[in-house]
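Each chain, written out:
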Amino acid sequence: MAKMAAALGSVATLATEPGEDAFRKLFRFYRQSRPGTADLGGVIDFSAAQAARGTGPGAHKVVRSQLSVSSVSDHDAHRAGLQPVSKWRAYGLEGYPGFIFIPNPFLPGYQWHWVKQCLKLYSQKPNVCNLDKHMTKEETHDLWEQSKEFLRYKEVNKRRPRSLLEKLRWVTLGYHYNWDSKKYSADHYTPFPSDLAFLSEQVAAACGFQGFRAEAGILNYYRLDSTLGIHVDKSELDHSKPLLSFSFGQSAIFLLGGLKRDEAPTAMFMHSGDIMVMSGFSRLLNHAVPKVLPSSEGESLPCCLETPLPAVLPRDSVVECCSVEDWQVCASYLKTARVNMTVRQVLATDQDFPLEPMEENKRDITTEGFCHLDDENSQVKRARLNPDS
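Conventions adopted
Residues numbered from 1 in each chain as written. Predicted model: local features only at pLDDT ≥ 70, side-chain atom pairs only at ≥ 80, totals over all residues. Heavy atoms only, no water. Core = buried A, V, L, I, M, F, W, Y, C linked by side-chain atoms within 4.5 Å. Buried < 20%, exposed > 50% of the residue type's maximum accessible area, 1.4 Å probe, protein only. Helix = DSSP H or I, 4+ residues; strand = E, 2+ residues; numbered from the N terminus. Contact = heavy atoms within 4.5 Å. 1 Å grid on protein atoms, 1.4 Å probe; cavity = no way out; pocket = protein on both sides within 12 Å on 5 of 7 lines; lining within 4 Å. Points joined across faces, edges and corners; volume = space filled by probe spheres on them. Nonpolar A, V, L, I, M, F, W, Y, C, P; charged D, E, K, R; others polar. Axes fitted to C-alpha atoms, helices over the stretch in contact; angles between N-to-C directions. Parallel < 35°, antiparallel > 145°, perpendicular 65-115°, else oblique. Phe/Tyr/Trp six-rings, centres within 6.5 Å; stacked < 30°, edge-to-face > 60°. Lys NZ or Arg CZ within 6 Å of the ring centre and 35° of its normal. Left-handed = near helix turned anticlockwise from the far one by under 90°. Salt bridge = Lys/Arg side-chain N within 4 Å of Asp/Glu carboxyl O. pLDDT = per-residue confidence, 0-100. Arc of directions from axis to C-beta.

S.K.: Which parts of the structure should I look at to understand the nonpolar core?
M.R.: Looking at soluble globular proteins, one finds that nonpolar side chains tend to be buried together. In terms of nonpolar packing, the biggest core is built from 66 residues, with Trp114, Leu196, Leu199, Tyr221, Phe246, Trp327 and Met341 touching the most fellow members. A per-element tally of this core places helix α8 (residues 194-206) first, with eight residues. The residues contacting Trp327, other than those within four sequence positions of it, are Trp112, Val115, Leu301, Leu305, Cys322 and Leu334. Judged by nonpolar contacts, the second largest core, of 21 residues, contains Ile44, Val62, Leu93 and Leu243.

As structure tokens, this is what we get:
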């Protein structure tokens, strides 16, 4: 307890020191933090037992959130790989109205499907990714096929070159975000994945947002040295709908701040399977990911990913079976990585995109200088980490 109090005191002191804004100071502090030390003593862990008891780090901020249990049938939840909503735990934070944190509500084994989709299906054309800037469409046509043998034997050959999947940093779905203009447009669109749309609709409905439409997605692929810079997701034309975030793989630290960067953020862990919903006041708050946390047991998977996906699934499930061979590739990747899916509704009902000058529509939607993620060993400096910064 004394170490935790000291850690909290040092974080509070750091945030009030003159110089950089409070968010940037704490971002740097957690980026340089050491797992297993008092550095992380003040980070909220919603999945821990003490969160439910109202004890532990940040307990004075943590409140229970009410879900709309009747809005999602147990059958529809199961179709998406989720437990019945009545069994979910949901939390909020004092001072952050509209923020909802749901610790892993997935049924055992069902995360396998969503991990496989992120690596095998969603990374395929016609979806857009960071590799498109420097490679031809033929070279990035099927990243999975080109990478699976590298990853399957990663443990055997430690000195091998990185596979294309390991070089993947982001993929956009649906309305493809233009990293240059910081806008979406009607002519940069490919069909949004139906299974991810269904999952998102169930989570949104459970949080009180019936009628949510999944129209755009940004998938971020984190290595252990990756960070996500301080930003606000404000490019969508309708801010009344929530931003949904799904995490898989290694844990990370998430910072949720205020409307301005001089407000000190609150730190929390994101573990595999966790879901965050940012709506209302919290929809336009600054946030960031300063650190991905390696497993304390070396290169290993979180316990929740050790359970296999059931061989028999509901007949109308949107979840598909995952072969042993496919999971070997996914597991090899996730032992040193994290994947995050963010889903948002871009347009209000009956809303259209505003007309843009022709030059605007011709801008390169794969401009790498505006990539979300930054790696410590990247040649691209930390100048432009996020499109909405």
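S.K.: Help me out: how do you make sense of empty space enclosed by the protein in this one?
M.R.: To find the voids left in a structure, one rolls a probe of water-molecule size over its atoms. Under the defined criterion, the tally for this structure stands at four cavities of 30 Å³ or more. Here the largest cavity defines a volume of roughly 150 Å³. Considering the residues around the largest cavity, the lining is formed by 18 residues, among which Leu228, Ser245, His287, Asn340 and Thr342 are closest to the centre. At four residues, the largest contribution of residues to the lining of the largest cavity is made by strand β13 (residues 337-344). Looking at the lining of the largest cavity residue by residue, the class counts come to eight nonpolar, seven polar and three charged.

S.K.: Hey, could you run me through the packing of helix α6 (residues 143-152) against helix α9 (residues 324-334) in this one?
M.R.: Describing two packed helices takes the angle between their axes plus the distance from one axis to the other. Here α6 crosses α9 at 75°, and the two axes come no closer than 9 Å. Between α6 and α9, the angle is such that the two are roughly perpendicular. Residues Trp144, Lys148, Leu151 and Arg152 of α6 form the contact with α9, whose participating residues are Glu325, Asp326, Gln328, Val329, Cys330, Ser332 and Tyr333. Its residues placed into classes, the contact of α6 with α9 shows five nonpolar, two polar and four charged.

S.K.: Is there a simple way to think about the packing of aromatic side chains in this case?
M.R.: Note on aromatic pairs: each is described by the distance of the centres and the angle between the planes. Tallied over the full model, the rule gives ten aromatic pairs. Seen from their ring centres, Trp170 and Trp179 are 4.6 Å apart, and the 45° between their planes marks the pair as tilted. Lying over the aromatic face of Phe27, Arg24 brings its terminal NZ or CZ to 5.4 Å of the ring centre. The side chain of Arg79 reaches across the aromatic face of Phe198, ending 4.3 Å from its centre.

S.K.: I keep staring at the packing of helix α5 (residues 111-121) against α8 and nothing clicks. Help me out?
M.R.: One way to put it is that α5 packs onto α8 with a least axis distance of 11 Å and a crossing angle of 135°. On the basis of their axis angle, the class for α5 and α8 is oblique. The interaxial crossing formed by α5 with α8 has left-handed handedness. Each of His113, Trp114 and Gln117 in α5 lies in contact with α8, whose residues at this interface are Asp195, Leu196 and Leu199. Along the lines of polarity and charge, the residues of the contact of α5 with α8 split into three nonpolar, two polar and one charged.

S.K.: How should I be thinking about the pattern of salt bridges in this particular structure?
M.R.: When the charged atoms of two side chains with opposite charge come close together, those side chains can pair. On inspection of all chains with the given rule, the structure shows 13 salt bridges. Among the ionic pairs, Glu145 bridges to Lys148, the shortest N-O distance being 3.2 Å. Here Lys148 and Glu145 lie together in helix α6, a separation of three residues that amounts to about one turn. According to the relative accessible area criterion, Glu145 is partly exposed, its value standing at 42%. Among the charged side chains, a salt-bridge network with shared partners connects Asp233, Glu236, Arg283 and Arg344.

S.K.: I tried to follow the confidence of the model for the chain on my own but got confused; where do I start?
M.R.: Note that predicted coordinates carrying low pLDDT should not be read in detail. Across the chain, the average pLDDT comes to 86, with 83% of residues at 70 or higher. The model gives residues 359-371 a pLDDT under 50, and that stretch makes 43 contacts with residues more than four places away or in other chains. Across residues 379-389 the pLDDT falls below 50, and counting only partners more than four positions away or on other chains, this stretch makes 36 contacts in the model.

S.K.: Even after reading the chapter, I still don't get α6, so can you show me in this structure?
M.R.: Three or four residues apart is the spacing at which side chains of an α-helix point the same way, because the helix has 3.6 residues per turn. If you check which residues of α6 are buried, you get Leu143, Trp144, Ser147 and Leu151. Buried positions in α6, seen along its axis, are confined to an arc of 80° and lie on one side of it. Of the surrounding secondary structure, the elements contacted by the buried residues of α6 are α5, α7 (164-167) and α9.

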